[in-house]
Amino acid sequence: MELIKWRSAYETGLGMFDEEHKILVGMINRLYGALREGKEDQVLRSLLEELVGYTRDHFAHEEEWMERKQYPDIEQHRFEHNSFRSTIKDLNRMVNQGVEGLGRPLLQMLRDWLLHHIQEVDAKYGQFARESELG
Ligand SMILES: [Fe+2]
């Protein structure tokens, strides 16, 4: 069972970023599956590590593109990435310290953040890319 089903509304129009977003959605769905099966303890730590690594690469990829394209809203975008980076790092630290029961709040945070970010923030660079191609 999936928590997030990929829809066309999530597409930025830039295939490379859409593919990376699908991988992030897949990680969230895996966490959801693990929670449903009562396997939170087994997967949470490794999934968080994976998420920290993957978002680091993905955000760097987006930011590098925005810099290259001289995207005007880059600072606001970077700010959102940074706040996510620090939240996820804090959570990772807590899990490594043995704090329990973080799976559900983490899942909710990830879903809300990612869907907001893709549809509200990433969508803007998609629009920018389309407009700059036109003219
Ligand atoms: Fe982004």
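Structure: above.
Per-chain numbering applies: the sequence of each chain, read as written, is numbered from 1 onward. The model is predicted, so local features are restricted to residues of pLDDT at least 70 and side-chain atom pairs to those at 80 or more, both for listing and for counting; the totals for chains, interfaces and linings are taken over all residues. Note that water and hydrogens are dropped before the side-chain values are worked out from all heavy atoms of the structure.

(A) Examining the packing of helix H3 (residues 74-96) against helix H4 (residues 103-134) more closely. Two elements in contact, H3 and H4, have axes separated by 11 Å at closest approach and are oriented at 165°. On the basis of their axis angle, the class for H3 and H4 is roughly antiparallel. The interaxial crossing formed by H3 with H4 has left-handed handedness. Contact residues: Gln 76, His 77, Glu 80, His 81, Phe 84, Thr 87, Ile 88 and Leu 91 in H3; Leu 106, Met 109, Leu 110, Trp 113, His 116, His 117, Val 121, Asp 122, Lys 124 and Tyr 125 in H4. For this classification, the nonpolar set comprises Ala, Val, Leu, Ile, Met, Phe, Trp, Tyr, Cys and Pro, the charged set comprises Asp, Glu, Lys and Arg, and every other residue, Gly included, is treated as polar. Of the residues belonging to the contact of H3 with H4, the class tally is nine nonpolar, six polar and three charged. Think of each axis as a best-fit line through the C-alpha atoms, taken over the contacting stretch in the case of a helix, with angles from 0 to 180 degrees between the N-to-C directions. Secondary structure follows DSSP: runs of H or I at least 4 residues long count as helices, runs of E at least 2 residues long count as strands, and numbering of each begins at the N terminus. For classification purposes, angles smaller than 35 degrees are called roughly parallel, those larger than 145 roughly antiparallel, those between 65 and 115 roughly perpendicular, and all remaining angles oblique. Crossings are assigned a handedness: left-handed for a near helix turned anticlockwise from the far helix by less than a right angle, right-handed for a clockwise turn. Residue contacts are defined here by distance: any two heavy atoms, one from each residue, within 4.5 Å place the two residues in contact.

(B) How the structure looks around the packing of helix H2 (residues 40-68) against H4. Axis separation between H2 and H4 bottoms out at 14 Å; the angle between their running directions is 15°. As the angle between them shows, H2 and H4 are arranged roughly parallel. For the pair H2 and H4, the crossing hand works out as left-handed. When H2 is examined against H4, the residues Glu 40, Leu 44, Leu 48, Leu 51, Phe 59, Glu 62, Trp 65 and Met 66 are found in contact with a partner set consisting of Gly 103, Leu 106, Leu 110, Trp 113, His 117, Asp 122, Tyr 125, Phe 128 and Ala 129.

(C) Broad picture of the packing of aromatic side chains. Any two of the Phe, Tyr and Trp rings considered here, Trp counted by its six-membered ring, make a pair once their centres fall within 6.5 Å; the pair's planes then place it as stacked at under 30 degrees, edge-to-face at over 60, or tilted in between. By the definition in use, this model includes eight aromatic pairs. Where Phe 17 meets Tyr 125, the ring centres are 5.4 Å apart and the plane angle is 65°; that geometry is what we call edge-to-face. One end of the pair, Phe 17, is in helix H1 (residues 15-36); the other, Tyr 125, is in helix H4, with 108 residues separating them in the sequence. Tyr 125 shares its class with Phe 17; the two are buried. Between Tyr 71 and Phe 128, the aromatic rings sit 5.1 Å apart at their centres with planes inclined by 65°, giving edge-to-face as the arrangement. You can see Tyr 71 sitting in the loop between H2 and H3 and its partner Phe 128 sitting in helix H4, a full 57 residues away along the chain. Comparing Tyr 71 with Phe 128 shows no difference in burial state: the two are buried. An aromatic cluster is present here, built from Phe 17, Trp 65 and Tyr 125 joined pairwise through their rings. Relative accessible area decides the class of each residue, using a 1.4 Å probe on protein chains only: under 20% of the type maximum gives buried, over 50% gives exposed, and in between gives partly exposed.

(D) Quick look at the pattern of salt bridges. Any Lys or Arg side-chain nitrogen located within 4 Å of an Asp or Glu carboxyl oxygen qualifies as a salt bridge. Taken as a whole, this structure holds eleven salt bridges when the rule is applied. Here Arg 30 and Glu 50 are joined by a salt bridge, their closest N and O atoms 2.8 Å apart. Taken as a pair, Arg 30 in helix H1 and Glu 50 in helix H2 lie far apart in primary sequence, 20 residues in all. For the salt bridge of Glu 75 with Arg 78, the shortest nitrogen-to-oxygen distance reads 3.7 Å. Note that Glu 75 and Arg 78 are positioned in helix H3 at a spacing of three residues, about one turn of the helix.

(E) Here's a closer look at the coordination of the iron ion. Each metal site lists N, O and S donors within 2.8 Å (3.2 Å for Na, K and Ca). With water left out of the atoms, a site can look as if it is missing ligands. Coordination sphere of the iron ion, protein contribution only: Glu 62 (OE), His 77 (NE2), His 81 (NE2), His 117 (NE2) and Asp 122 (OD), at 2.1 to 2.3 Å. Counting the intervening residues between successive donors of the iron ion yields the motif E-x14-H-x3-H-x35-H-x4-D. Like His 117, the residue Asp 122 is buried in the burial classification.

Geometry only, nothing functional implied.
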